[in-house]
Amino acid sequence: MKNTHLEHLEDEILNSGSAGGFNAITFLRQFSDMLTGKKTDLSITTKWDGAPAVVCGTEPVTGRFFVGTKSVFNKVNPKICFDDTDVDRFYKGELANKLKDCLQYLPQLNISGIVQGDLLYTQGDKISGIVGGNRVICFTPNTITYAVDSASRKGSAIRLSKMGIVFHTVYKGDTLQTAQVVPQKQAPKYPSTKDVFVASANFIDATGASLFDQGDVYTFNSTINKANGSLKQCSKFLDIIQNQGQSTFMMHLLLKKFFNQRIRAGRGIINTSKVVSEFAVFYRETLEAEKAKKKTAAAQKKYDRMQIDGLLFIAQYQRELYHLISAYISIRTAKRMVIKQLNKVGSIKTFIGRIPTSPEGYVVHNDKSMMKFVDDEFRLANITVDKSWATK
């Protein structure tokens, strides 16, 4: 598989039914151990808000150094760049300029395989500023602005470098088109050079700053137990909704869309009873909108029937839906507690505009799967950013 979209922890109850729900509980119980100083199977990488995504390294067939976006994996017309001429053929504008910088400087890292990372800055992206009376060097690759103390070792390295990047994924294969992700709990490591600052994606808490105090432990475990209790009340329902509906209007897919729209709009998911009734309205309006797109009476009748069946289903399972939403809320509450603790370790100041913000979030691995722990504030801000470098 390629480096596909990672899922939010709470969405596991909708993606994978009851098994997904109890997998989320397992993640949280492992965090309960980790954040009280016990050994666990968890490993964490920090999500840097870098852009664009860069795939680079040694092309398996030719043995030559290459760069590109995730389009290097295309089955047809892979956009693999060995030199500036290739960049000009496949890419334009600022994205092309950044990939040319990658071609010039990344060979210094002696990457022997295939890796994927996120670009943090090139030479023209860095600016100097003052934060809290201290001079900092700043860069804004995407939504979040990073500010690093200019007098620190890291700040000095950034100031002198030509570009910055963070690597998070390794691939292996006989060709780029057949390359697969190599499962790993730690991000790939490469030493920085004078021209290339390589940020680390690996989360390390050397001082114990992220550990819970006793009150937090009690609250966190109580929240997990509440989520677990709600999941037991709706576990059969979670499996039923995987098959209820048609195509993109499956009930679990519409619930996920409904929840994520609310979160991205900054409305949140708080009042369980109110959210149940609002989902019924969302379901009806979604089906009505789809019906309006249809030209024939037969197609419209299909959506009338689907809407009636869906609303009857929601009414029939209102109690179970209540428990599903309660579990979703509790999992999100516990996840936010985890993010808050992990953020205490951060040494780089982060902003959205001029407003201080939390880092983007984290990717958490256990022995079976990996999930992303991303702050709602970032999810809300990220939908409005202008990605002038964006491409497929």
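This text goes with the structure placed above it.
Since this is a predicted model, take the numbers as computed values, not measurements.

S.K.: I'm lost on the pairing of strand S4 (residues 114-122) in this one. Help?
M.R.: Side chains on a regular strand alternate between the two faces of the sheet. Most of S4 sits out of view: nine of its nine residues are buried. Strand direction decides the pairing type here: strand S2 (residues 53-58) and S4, joined by five bridges, are antiparallel. Note that in S4 the partner of Val55 across the bridge is Gln116. Pairing analysis gives eight bridges linking S4 to strand S8 (residues 163-172), with the strands arranged antiparallel. Directly across from Tyr121, in S8, lies its bridge partner Gly164.

S.K.: Help me out: how do you make sense of the sheet that holds strand S6 (residues 134-139) in this one?
M.R.: For sheets, the rule is that strands pair by backbone hydrogen bonds, running either parallel or antiparallel. Taken in spatial order, the five strands make up an open sheet running S5-S6-S7-S11-S12, and their pairing is antiparallel. The open sheet has two free edges, formed respectively by strand S5 (127-131) and strand S12 (355-356), since each of these has just one partner strand. Sheet analysis places strand S11 (residues 349-352) next to S12, joined by two bridges and oriented antiparallel. Looking at S12, one finds that Ile352 is bridged to Ile355.

S.K.: For this particular structure, what's the right way to read the pattern of salt bridges?
M.R.: When charged atoms on two side chains of opposite charge get close, those side chains can pair. Taken as a whole and judged by the stated rule, the model has 14 salt bridges. Between Arg332 and Glu10 there is a salt bridge, and its shortest N-O distance comes to 3.3 Å. On the criterion of sequence distance, the pair formed by Arg332 in helix H10 (residues 318-343) and Glu10 in the segment before helix H1 (12-15) is long-range, its members being 322 residues apart. Arg332 gets classed as buried once you look at its relative accessible area, which sits at 3%. Close ionic contact of Asp125 with Lys98 constitutes a salt bridge, the shortest N to O distance being 2.6 Å. With Asp125 in the loop between S4 and S5 and Lys98 in helix H4 (residues 93-105), the pair connects residues that are 27 residues apart, well separated along the chain. A relative accessible area of 28% means that Asp125 is categorised as partly exposed.

So, how was this worked out
- Residues numbered from 1 in each chain as written.
- Predicted model: local features only at pLDDT ≥ 70, side-chain atom pairs only at ≥ 80, totals over all residues.
- Heavy atoms only, no water.
- Buried < 20%, exposed > 50% of the residue type's maximum accessible area, 1.4 Å probe, protein only.
- Helix = DSSP H or I, 4+ residues; strand = E, 2+ residues; numbered from the N terminus.
- Pairing = 2+ DSSP bridges.
- Salt bridge = Lys/Arg side-chain N within 4 Å of Asp/Glu carboxyl O.

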